[in-house]
Amino acid sequence: MPPWLLGSLCCVLAARAALGGGPAGAEAAAEEEKLIRVLVLLPQDDAYLFSLGRVRPAIEYAVRSLRESGAGLPPGYAFQLTYEDSACGNRALFSLVDMVALQRRRPDLLLGPVCEYAAAPVARLAAHWDVPMLSAGALAAGFGAKGGEYSHLTRVAPAYAKMGEMLLALFRHHQWSRATLLYSDSNPERSCYFAMEGVHVVFQEEAFHMAVHSFDESSRHLDLDDVVRALQTGERVVIMCASGDTIRNIMLAAYRQGMTNGDYAFFNIELFNSSSYGNGSWRRGDKHDLEAKKAYSYLQTVTLLRTVKPEFEKFSLEVKSSVQKQGLHEDDYVNMFVEGFHDAILLYALALQEVLKFGFSKKDGEKIVQQTRNRTYEGIAGQVSIDANGDRYGDFSVIGMTDPEAGTQEVIGDYYGKQGRFEIRSNVKYPWNHGRLRLDESRVSEHTNNTPCKSSGGLGESAVTGIVVGALLGAGLLMAFYFFRKKYRITIERRTRQEDCNMGKHRQLREDSIRSHFSAA
C-alpha cells in the first residue's frame, strides 16, 4: 500500500473515531452526554461574602449529597465542576468566552456571577448560547426583565425587589405611605444602592412619597451628624442600609439630636444574613453602649427569615470546617450566598430530571430553565419557591427590641413571600407615636425642638422689627439649607455624569453601559 494512501486512511479512521464512529466512539458520546459541565464564576478575593473559598464547599456538599442519595440525578449522570475567578468584573465574561472559544467546551450550567456588573454580560451570553444560569446574586431590579437578554437567568436568592415587597406589606400594616431611604454607596458592588433601588421601584409603583439620601461611609470627611440633620427634612419613617457600625453611629447621632422620642421610626436592612451589612446588635462593649441601647429601642432590623433543621446544622459545620482550613475565621460561615448556591445545584438536578422525562437533553437549556420556574422544593435551610419569572420568593423577619431595660432583641414579625402574608407576633408594643407618623400628605416637615420658649406677652414695635429681621434671617437660612440638602440628596434614578467620571466603579445598571459585544455574536 502506497505510503500516501496509508496516511490518508489513518486520517479518515481518526476523523471517524473523533466523530463517534464505532462502539468506542458511541460509548464516549454516551459518557459525554451524561457529564454535566458546570462553570462556577465567583471572585477569588475573600473580601467578598460570596468568594470561591466560602461558596465552593457548599457546592461540593450539594454535589456529594446528590451522588450519595442516588435519587438526585438520573443514573450515570455526574457533575464536572470548573471554578474561575470572576473578580467581580469582566473576567467572568472572559472566562466563559475562553472556555467555549479556546477550549471548545460549552458549559451545561453557569453558577454565578453575583456582582451585577459581572452578571449582566454573562447572562446575555448565556441566553444567546442557550445555557442555564443560576445565581444567588444579580439581585438588582434590572434583572427582573426576563423576556429578552436575561431569559436564562434564575435567581435562587430573593431579589432586592422581593425585599421591597416585604417592606410594602409592612408599610400597609402600619398604614404608612411616606419614607426616607438612606444608604451607603461606597463599595464596588454597590449592594446597598441596588437594595434601595429595589425598595424604590416597589414603592414608586404604589405612588409612595420618598426622600432619598446617600453617603460614602468610607470617606474620611463623612459627618454622620450632618447626615442625620438632613433626615429631619424628610419623612419620619427611615429605611437604612449600611454597615453595622455605621448604622449604630447613625442611631447614636439620632439619639443625641432628639429623634428617638417616638416621632421617628427607623428600619435597618441586614443584607445576606450577614453581620457585615446592617448588624442589628447595639452592643459593642464600649462607652456608648448605654446610649445605643436606648437608641435601638426605636430601630427595627429587616433580615432574611432563618430556619433551622438537623441537616442544616450538619451542613453548617462542614462548611465551617472547610472554610477554616483555608485560613478564614469569622462569625458568618453560612450566609445567603452559601445557602443559595447549594440550593442551585439541587434545583438544576430537579429541572434536568423533568426535561429528560420529556425526551430532551442537557443541551436543551431553555427547556431546563422553564423547569426551574414555578417550582417549590426543599433547600438546605428550608423550603425554596421560585416564581414564574425565575425569581425566588423572599421570606423575611423583623427584629425589634422587646425589653428596653435589658436591651433584648427578638423576632417580632415574619413575612412569607409566596403567600404575601405578614404575621406580627402577639403583644408587640411599638415605641413610636403612630399619630405622629401618619401625618397628612400636605404637611410641612418639622422636627421637635427641645429648647424652651418664653412667652412674649404682646407685639410691640421691637417685636415687629424682630419679625422683619427674623424673616430675612429665615430666608437666608432657607437658602443655606437648600444648598446643604442638595449636598446629601441623591435620587436613585439619576446620577450626574461628573460623578460617574469621578467614581468610575459606580456605573449604572443600564443595557448600553454594560452591554457585551458578544451578545450579538
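My aim in this report is to walk through the structure given alongside it, one point at a time. Not measured: the values here are computed from a predicted model.

1. Re the sheet that holds strand E3 (residues 109-111)
(1) Moving on: If you trace the five strands from one edge of the open sheet to the other, you get E2-E1-E3-E4-E5, paired in parallel fashion. Each edge of the open sheet carries a strand with a single partner, namely strand E2 (78-85) and strand E5 (153-155). Strand-to-strand twist of the sheet, defined as the mean angle between neighbouring strand axes without regard to direction, takes the value 25°.
(2) Moving on: Pairing of strand E1 (residues 35-42) with E2 involves eight bridges; the strand directions are parallel. Bridged to Leu39 within E2 is Thr82.
(3) Moving on: Packed onto the sheet, helix H4 (residues 91-101) meets E1, E2 and E3 and runs at close to 155° relative to E1.
(4) Moving on: Those strands touched by helix H12 (residues 336-357) are E1, E2, E3, strand E4 (133-135) and E5, and its axis lies near 150° from that of E4.

2. Side note on the packing of helix H3 (residues 52-69) against H12
When two helices pack together, their arrangement is given by the angle between their axes and by how far apart the axes lie.
(1) Moving on: In contact at an axis separation of 8 Å, H3 and H12 are set at 30° when each is read in the N-to-C sense. By the angle class used here, H3 and H12 are roughly parallel. Crossing of H3 against H12: the hand is right-handed. Between H3, through Arg54, Val55, Ala58, Ile59, Tyr61, Ala62, Val63 and Leu66, and H12, the contact on the second element is made entirely by Val338, Phe341, His342, Ile345, Leu346 and Ala349.
(2) Moving on: When its residues are assigned to classes, the contact of H3 with H12 shows 12 nonpolar, one polar and one charged.

3. Comments concerning the state of the cysteines
(1) Moving on: Following the criterion strictly, the structure yields two disulfides and no others.
(2) Moving on: The disulfide bridge from Cys192 ends at Cys241, spanning 2.1 Å between sulfur atoms. Handedness here is read from the sign of the S-S torsion; for Cys192 and Cys241, about -70°, the answer is left-handed. With Cys192 in helix H7 (residues 191-205) and Cys241 in strand E8 (residues 237-241), this residue pair connects regions lying 49 residues apart in the sequence.

4. Looking at the environment of Ala138
(1) Moving on: Along the chain, Ala138 turns up in the loop between E4 and E5.
(2) Moving on: Take Ala138: its relative accessible area is 0%, and that puts it in the buried class.
(3) Moving on: Sequence separation between Ala138 and Tyr117 is 21 residues; the distance between their C-alpha atoms is 8.4 Å.
(4) Moving on: Aside from chain neighbours lying at most four places away, what touches Ala138 is Pro113, Val114, Glu116, Ala119, Phe143, Leu153 and Arg155.

5. A look at unusual backbone geometry
Only a minority of non-glycine residues have a phi that is not negative, and only a minority of peptide bonds are not trans.
(1) Moving on: The omega torsion across Gly112 and Pro113 is -5°, close enough to zero to call that bond cis.
(2) Moving on: Examined against the element boundaries, Pro113 turns out to sit in the loop between E3 and helix H5 (116-129).
(3) Moving on: Its identity as a non-glycine residue notwithstanding, Ala207 has a phi of 60°, on the positive side.
(4) Moving on: Here Ala207 shows up in the loop between H7 and strand E7 (209-215).

6. Thoughts on the sheet that holds E8
(1) Moving on: Judged by pairing direction, the sheet is mixed, and its eight strands sit side by side in the order E7-E6-E8-E9-E10-E13-E14-E15 without closing on themselves. Among the strands making up the open sheet, the edge pair consists of E7 and strand E15 (421-424). Between one strand axis and the next, the sheet turns by 25° as a mean value, whatever way the strands run.
(2) Moving on: Alignment of strand E6 (residues 178-184) against E7, held across seven bridges, turns out to be parallel. Bridge pairing in E7 places Ala179 opposite Met210.
(3) Moving on: Across the sheet, H7 lies against E6, E7, E8 and strand E9 (265-269), angled at about 165° from E6, the strand it touches most.

7. Structural notes on the pairing of strand E12 (residues 383-386)
(1) Moving on: Sheet topology note: the strand E11 (residues 375-378)/E12 ladder contains four bridges and is antiparallel. Within the sheet, the bridge partner assigned to Glu378 lies in E12 and is Gln383.
(2) Moving on: In this antiparallel pair of consecutive strands, E11 and E12, the connection spans four residues, and Gly382 shows a positive phi of 145°.

8. Let's talk about the side chain of Ser135
(1) Moving on: Relative to the assigned elements, Ser135 resides in strand E4.
(2) Moving on: For Ser135, a relative accessible area of 0% corresponds to the buried category.
(3) Moving on: A polar contact of 2.9 Å, which involves the side chain of Ser135, links it to the backbone nitrogen of Gly137.
(4) Moving on: With residues up to four places along the chain from it excluded, the contact list for Ser135 reads Gly112, Pro113, Val114, Leu153, Thr154, Arg155, Val156, Ala157 and Phe341.

9. Observations regarding the pattern of salt bridges
(1) Moving on: Per the stated rule, a full pass over the model turns up 22 salt bridges.
(2) Moving on: Between Glu318 and Arg64 there is a salt bridge; the shortest N-O distance is 2.0 Å. Here Arg64 lies in helix H3 and Glu318 lies in helix H11 (residues 310-325), a separation of 254 residues in the sequence.
(3) Moving on: Classification of Glu318 by relative accessible area gives partly exposed; the value is 28%.

The rules behind these values
Residues numbered from 1 in each chain as written. Predicted model: local features only at pLDDT ≥ 70, side-chain atom pairs only at ≥ 80, totals over all residues. Heavy atoms only, no water. Pairing = 2+ DSSP bridges. Helix = DSSP H or I, 4+ residues; strand = E, 2+ residues; numbered from the N terminus. Axes fitted to C-alpha atoms, helices over the stretch in contact; angles between N-to-C directions. Contact = heavy atoms within 4.5 Å. Parallel < 35°, antiparallel > 145°, perpendicular 65-115°, else oblique. Left-handed = near helix turned anticlockwise from the far one by under 90°. Nonpolar A, V, L, I, M, F, W, Y, C, P; charged D, E, K, R; others polar. Disulfide = S-S within 2.5 Å. Buried < 20%, exposed > 50% of the residue type's maximum accessible area, 1.4 Å probe, protein only. Polar contact = N/O pair within 3.5 Å; in protein donor to acceptor, adjacent residues only side chain to side chain. Salt bridge = Lys/Arg side-chain N within 4 Å of Asp/Glu carboxyl O.

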